[in-house]
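A look at the structure
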Amino acid sequence: MQLGIRIHDTAKLPFEERIVQVHQLGFTCGHLALSKVIDEFPITDEALTPGLAMYIKNVFAKNQVDIAVLGCYLNLANPNKKQQAETVRRYMAHIRFASWLGCGVVGTETGAPNETYAYTPECHTEEALHTFTKNLRPIVKYAQKMGVVVAIEPVYRHIVWNPACARKVLDEIDSPNLQIIFDPVNLLDVENYGDRQAVIQEAIELLGPDIAVVHLKDCAVREGRLLSMGCGLGEMDYVPVLKFMKEHKPFIHAVLEETKPENNQRVKHFMSRKYAEV
C-alpha cells in the first residue's frame, strides 16, 4: 500500500512547507481538502484554474507525494434548491480542477436529506437514496467528460449507509468513473458494532472491485457512543482489510484518519507493521 495522511491533520504550516512536512514524515500520499489546508490564497470556484492546479501539482510532485483524494465533502441531497445548485457548481469546479491536478479521485460522502447535513431516520429511506442517486448522476456524467473518477464514501449516518446501498448506487449509475472510498469504521455505529466483522466482510465482497482508496482509522464504543481514533488506539481488527488490500489492491492509496501531529508517526509505524504481518 501507499500510506498517506489527511493533509489537514498535520501541523499547520504554509502550504508548501506543509507538503514538505508530509514527505519528511514518510507519507507517500495525501487527502487534500483545499479549504482546510490552504489559506494563503483563495480557493473559490473561480480561483481553481489550470495554473493553480499545476502549481499545486508541482509542489506535491517535488515532494514525492501523490494527491490520493481531492475532497469535496458537500451534501448532494440538500432540499434547498439554491444551496443544491451551488453545491453542484462546486463539485463541477473540483472535477475540472482534478483533471488538471492529476489526483486519484474526487472524494465525497453521501449527505442527508436536510439543509443541516444532520443524521435523521430519513437518511436511511429509499426516498433519500433515490434523491442522492438522482443528484449524483450528473456529477458522474461530468466527471466522465473530464476523465475524472468520483469516489463516494459510505457512512452509517449518511444516506449511503451500508454496503448494499453503495452497491445499488454503483449499479444504477453504472459508470467506471464512479468508485468507492472504503472506510471500514464509517460503516459502523453502536447498532451494528457487535457485527462489525460481518459488515466489513460484506463491504469487501460487494464493493471490492470498485474500491479505489482506503481510509484507515480505529474505533471503540465508549459510554454508548462509537468513537473514532487513530489506528492502534481502539478495537479494530485490521487483518481482513489489510489482507484484501495486499491480495487485490497493490499500491493502493491508504490514507490515515483521526491522527494528530503528536501521534501520526506512531500510527504510521503501527499500520506499516500490521500490513507487513498479514
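Look up: the structure comes first, before these words.
Basis of the calculations
- Residues numbered from 1 in each chain as written.
- Predicted model: local features only at pLDDT ≥ 70, side-chain atom pairs only at ≥ 80, totals over all residues.
- Heavy atoms only, no water.
- Pairing = 2+ DSSP bridges.
- Helix = DSSP H or I, 4+ residues; strand = E, 2+ residues; numbered from the N terminus.
- Axes fitted to C-alpha atoms, helices over the stretch in contact; angles between N-to-C directions.
- 1 Å grid on protein atoms, 1.4 Å probe; cavity = no way out; pocket = protein on both sides within 12 Å on 5 of 7 lines; lining within 4 Å.
- Points joined across faces, edges and corners; volume = space filled by probe spheres on them.
- Nonpolar A, V, L, I, M, F, W, Y, C, P; charged D, E, K, R; others polar.

Two modes of strand pairing occur in sheets, parallel and antiparallel, and in both the strands are linked by backbone hydrogen bonds. Pairing is parallel around the closed barrel formed by 8 strands, whose spatial order is β1-β2-β3-β4-β5-β6-β7-β10. Averaged over all adjacent pairs, the angle separating strand axes in this sheet is 30°, with direction ignored. Here strand β1 (residues 2-6) runs beside strand β2 (residues 29-32); their pairing, made up of 3 bridges, is parallel. In the sheet register, glycine 4 faces β2, and the bridge partner there is cysteine 29.

Before going further, it helps to examine the layout of surface pockets. There is about 560 Å³ of room inside the largest pocket. Residue lining of the largest pocket: 28 residues in total, with Arg6, Lys36, Tyr73, Glu109 and Glu257 positioned closest to the centre. Counting residues per element, the ones that place at least two in the lining of the largest pocket are α2 (34-37), α4 (81-101) and β9 (225-229). In terms of residue count, α2 provides more of the lining of the largest pocket than any other element does, 3 residues in total. Residue composition of the lining of the largest pocket, by class: 10 nonpolar, 8 polar and 10 charged. Roughly 220 Å³ of volume is contained in the second largest pocket. Every residue lining the second largest pocket is counted, 14 residues in all, and those nearest its centre are Ala77, Asn78, Pro79, Thr131 and Asn135. Those elements that place two or more of their residues in the lining of the second largest pocket are α4 and α5 (126-146). Residues that form the lining of the second largest pocket fall into these classes: 4 nonpolar, 6 polar and 4 charged.

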